Amino acid sequence: MGLDHTSVKPHERLAQVLSGEMEQVNTLIRDRMASEHAPRIPEVTAHLVEAGGKRLRPMLTLASAKMCGYDGPYHVHLAATVEFIHTATLLHDDVVDESAQRRGRPTANLLWDNKSSVLVGDYLFARSFQLMVETGSLRVLDILANASATIAEGEVLQLSAATDLRTDESVYLQIVRGKTAALFSAAMEVGGVIAGVDDALTQALFDYGDALGIAFQIVDDLLDYQGDTKATGKNVGDDFRERKLTLPVIKAIAKADDEQRAFWKRTIEKGKQEDGDLEHALDFLNRHSALEATRDDALEWADKAKTALSAIPQSDLRDMLIDLADYVVARIN
């Protein structure tokens, strides 16, 4: 089933099909972020949780479990767990990145302070582990604990690698697997585990989430250099200004001559940026076809995601997830 651009978007169709379960997830989230002793916890969390967003990660868990025939209650717990882990990492990320906006609204660290953001993030991590334990599955606990460690590892790796010109595509992939794909793959995998499917199908679910997450991040990095500000909510060149070595730049540096390498060293490594530097950066990216090559990589990862799902029996939910992989890269076609 191909992607019909005139119809409802795949994540919106998923939201419609899973609306009953998502309502239960939202109720559980509101219930578990309550705090009798520290009212700031629900204040900060509600600001972020209710800011909108696609809720893609919890929907992946619900879709994965239902697609595998699960009919118990714990996929709702796991979806809430995944959303708590995601929200905790966002709170911490905004402090690390000194961000002032997320989804068009002021960040929690701006409205309250860094201390509140870090501590509430810690609280949400703790809550997520309580929810995992309630499923009674050690394997689920293992997968989500590993994912949480991988996310933190990816963020720490990015701190040192993001402004180091020696960062190559393999390190970039490691960072992306950590900060983005780890939670996508875990969200899919736990749905299969809770449904009791065999290892081959669980691996297929993991592979889909992994490839989808990587495609998702590569598209994000590409749109930073050629996106529409109104559509993305980001200004073109934000990553350049923040000295982030993303895939397009890594590809351009790999082909750079001495003069271009000196430019990247000054602007990214040393952070000495001047008027007109973004235009020079875009010129070098185009000269080495770095944006085109990045686009090809994103499409390849989306194809890998779709191929992984071919191991799963056909269903409407599987078709929606296949369409979702197409949709993630549709913005760059």
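Residues numbered from 1 in each chain as written. Predicted model: local features only at pLDDT ≥ 70, side-chain atom pairs only at ≥ 80, totals over all residues. Heavy atoms only, no water.

### Points about the overall build of the chain
Stated precisely, the cut-off is as follows: Numbered from the N terminus, helices here are DSSP runs of H or I no shorter than four residues, and strands are runs of E no shorter than two. Classification of residues uses two cut-offs on accessible area relative to the type maximum, computed with a 1.4 Å probe and protein chains only: under 20% is buried, over 50% is exposed, and between them is partly exposed. We call two residues in contact when some of their heavy atoms are within 4.5 Å. Note that accessible areas follow from Shrake-Rupley with a 1.4 Å probe, and for residues the cover is restricted to the protein chains shown.
Each helix and strand in the chain was counted, giving 17 helices and two strands. Expressed as a percentage of the 333 residues in the chain, the buried residues total 53%. Excluding contacts between residues fewer than 6 apart, the proportion of contacts in the chain whose partners are at least 24 apart in sequence is 75%. Carbon and sulfur atoms make up 50% of the accessible area of the chain, which totals about 15100 Å².

### Description of the layout of surface pockets
Formally: Think of a 1 Å grid over the protein atoms and nothing else: a 1.4 Å probe that fits but is trapped marks a cavity, an open set flanked by protein within 12 Å on at least five of seven lines marks a pocket, and residues with an atom within 4 Å of a point count as lining. Grid points are joined across faces, edges and corners, and a volume is the space filled by probe spheres set on the points. Polar here means any residue other than Ala, Val, Leu, Ile, Met, Phe, Trp, Tyr, Cys and Pro, which are nonpolar, and Asp, Glu, Lys and Arg, which are charged; Gly is therefore polar.
Approximately 180 Å³ is the volume found for the second largest pocket. What lines the second largest pocket is a set of 11 residues, among which His92, Asp93, Ile151, Ala152 and Glu155 lie closest to the centre. Among the secondary structure elements, those contributing two or more residues to the lining of the second largest pocket are helix 5 (74-96) and helix 8 (138-161). By residue number, the principal contributor to the lining of the second largest pocket is helix 8, which donates six residues. A class-by-class count of the residues in the lining of the second largest pocket yields six nonpolar, three polar and two charged.

### Some remarks on the packing of aromatic side chains
Rules: Side-chain rings of Phe, Tyr and Trp, where Trp is taken by its six-membered ring, are said to pair if the distance between their centres is within 6.5 Å; with planes under 30 degrees apart they count as stacked, over 60 as edge-to-face, and otherwise as tilted. Consider the ring centre and the ring normal. A charge sits over the ring if Lys NZ or Arg CZ is within 6 Å of that centre and within 35 degrees of that normal.
For the coordinates displayed, the defined rule picks out six aromatic pairs. When the centroid spacing of 5.2 Å and the interplanar angle of 75 degrees are considered together, the rings of Phe263 and Phe284 count as edge-to-face. Of the two residues, Phe263 is situated in helix 14 (residues 258-269) and Phe284 in helix 15 (residues 277-287); the sequence distance between them amounts to 21 residues. Assigned by exposure class, Phe263 and Phe284 land together as buried. One aromatic cluster is present, formed by Phe240, Phe263, Trp264 and Phe284 through successive ring pairs. Across from the ring centre of Trp301, 3.9 Å away, lies the NZ or CZ of Lys304, which sits over that ring.

### Some words on helix 9 (residues 169-195)
Residues spaced three or four apart along an α-helix point in a common direction, a consequence of the helix completing one turn every 3.6 residues. The cut-off we apply is this: We define the bend at any residue as the angle between the axes fitted to the seven residues before and including it, ending there, and the seven starting there.
Of all bends in helix 9, the biggest is about 60 degrees, found at Ala181. Most of helix 9 sits out of view: 19 of its 27 residues are buried. Following helix 9 by one or two positions, Gly196 adopts a phi angle in the positive range, close to 75 degrees.

### Here we look at the nonpolar core
Nonpolar side chains in soluble globular proteins generally cluster together in the buried interior. Note the threshold: By nonpolar core we mean a set of buried residues, namely Ala, Val, Leu, Ile, Met, Phe, Trp, Tyr and Cys, connected to one another through side-chain atoms within 4.5 Å.
Residues Tyr208, Trp264 and Leu321 are the most contacted members of the largest nonpolar core, which totals 98 residues. Setting aside residues up to four positions removed in sequence, Leu321 forms contacts with Leu14, Leu60, Ala63, Met67, Met188, Tyr208 and Leu309.

### Observations concerning the side chain of Thr135
Filter applied, for reference: Pairing of N or O atoms within 3.5 Å defines a polar contact, subject to two protein rules: one partner must be a possible hydrogen donor and the other a possible acceptor, and residues neighboring in sequence count only if both atoms are side-chain atoms.
Among the structural elements, Thr135 can be located in the loop between helix 7 (114-134) and helix 8. Among the polar contacts made by the side chain of Thr135, one reaches the main-chain carbonyl oxygen of Met132 at a distance of 2.6 Å. Residues in contact with Thr135, not counting those within four places in the same chain, are Tyr74, His77, Leu78, Val140 and Ile194.

### Focus: the packing of helix 8 against helix 9
Note the cut-off: Helix axes use the C-alpha atoms of the stretch in contact, all axes being lines fitted to C-alpha atoms, and the angles between their N-to-C directions lie in the range 0 to 180 degrees. Orientation categories follow fixed angle ranges, with anything under 35 degrees roughly parallel, anything over 145 roughly antiparallel, 65 to 115 roughly perpendicular, and all other angles oblique. Handedness of a crossing follows from how the near helix is turned relative to the far one, being left-handed for an anticlockwise turn of less than a right angle and right-handed for a clockwise one.
For the pair helix 8 and helix 9, the least separation of the axes is 8 Å and the interaxial angle reads 165 degrees. The angle between helix 8 and helix 9 falls in the class roughly antiparallel. Handedness of the helix 8/helix 9 crossing: left-handed. For the contact of helix 8 with helix 9, the per-class residue count stands at 15 nonpolar, five polar and five charged.

### Looking at the pattern of salt bridges
To be explicit about the condition: Only one rule defines a salt bridge in this text: a Lys or Arg side-chain nitrogen within 4 Å of an Asp or Glu carboxyl oxygen.
What the rule picks out here adds up to 20 salt bridges. Between Asp238 and Arg241 there is a salt bridge whose closest N-O contact spans 3.2 Å. With Asp238 and Arg241 both in helix 12 (residues 238-241) and three residues apart, the pair spans about one turn of that helix. Relative accessible area serves as the criterion here: at 42%, Arg241 is assigned to the partly exposed category. Salt bridges sharing partners connect three or more residues here, namely Asp31, Arg32 and Glu134.

### Here we look at the environment of Leu144
Positionally, Leu144 belongs in helix 8. What makes Leu144 buried here is its relative accessible area of 0%. Sequence separation between Leu144 and Val190 is 46 residues; the distance between their C-alpha atoms is 8.0 Å.

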